[in-house]
Amino acid sequence: MAQEQECYTCRYYWRSTDDVDGPKKGVGECHRFAPRADAAASESCYCMTNWPRVHSDDGCGDWVSSYID
């Protein structure tokens, strides 16, 4: 059976909210690459970095199954 290639089933998806109905409804962070600098915070001397925010039903070409064979 093929697995849906959505962020929710990806190895790099980290769920960051629990205030949703069901496991496939939420917002998380993509940890595929290093966090990126926040452009809005770059004006100050203190630059924040953030992981890209994604919805659990989003997807991309870098999807990797979260299940280990």
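Residues numbered from 1 in each chain as written. Predicted model: local features only at pLDDT ≥ 70, side-chain atom pairs only at ≥ 80, totals over all residues. Heavy atoms only, no water.

1. Quick notes on the overall build of the protein chain
Regarding its fold elements, the protein chain presents zero helices and five strands. Written out in order from the N terminus, the α and β elements of the protein chain read β-β-β-β-β. Put simply, the protein chain has 69 residues, and 20% of those count as buried. Considering only residue pairs separated by 6 or more positions, the protein chain has 51% of its internal contacts joining residues 24 or more positions apart. When the accessible surface of the protein chain is summed, it comes to about 5,400 Å², and 53% of that surface belongs to carbon and sulfur atoms. (Helix = DSSP H or I, 4+ residues; strand = E, 2+ residues; numbered from the N terminus. Buried < 20%, exposed > 50% of the residue type's maximum accessible area, 1.4 Å probe, protein only. Contact = heavy atoms within 4.5 Å. Areas by Shrake-Rupley, 256 points an atom, 1.4 Å probe, with all protein chains shown as cover.)

2. Topic: the pairing of strand 2 (residues 27-30)
Direction of pairing for strand 1 (residues 13-15) relative to strand 2: antiparallel, over a ladder of three bridges. Paired with Tyr 13 across the bridge in strand 2 is Cys 30. (Pairing = 2+ DSSP bridges.)

3. Brief notes about the state of the cysteines
Scanning the model with the defined rule gives zero disulfides in all. Here Cys 7 is not cross-linked by a disulfide; its sulfur's nearest cysteine counterpart is in Cys 60, at 6.2 Å. Accessibility expressed as a relative area gives 12% for Cys 7, which makes it buried. (Disulfide = S-S within 2.5 Å.)

4. A word on the nonpolar core
With five residues, the main nonpolar core is built from Cys 7, Cys 10, Tyr 13, Val 54 and Trp 63. Contacts of Cys 7, omitting those with residues within four sequence positions, involve Tyr 13, Val 54, His 55, Ser 56, Asp 58 and Gly 59. (Core = buried A, V, L, I, M, F, W, Y, C linked by side-chain atoms within 4.5 Å.)

5. Here's the deal with the confidence of the model for the protein chain
Confidence in the prediction for the protein chain averages 78 pLDDT; 68% of positions are at 70 or higher. Across the protein chain, strand 2 holds the top mean pLDDT of 89, while strand 3 (residues 36-37) sits lowest at 77. (pLDDT = per-residue confidence, 0-100.)

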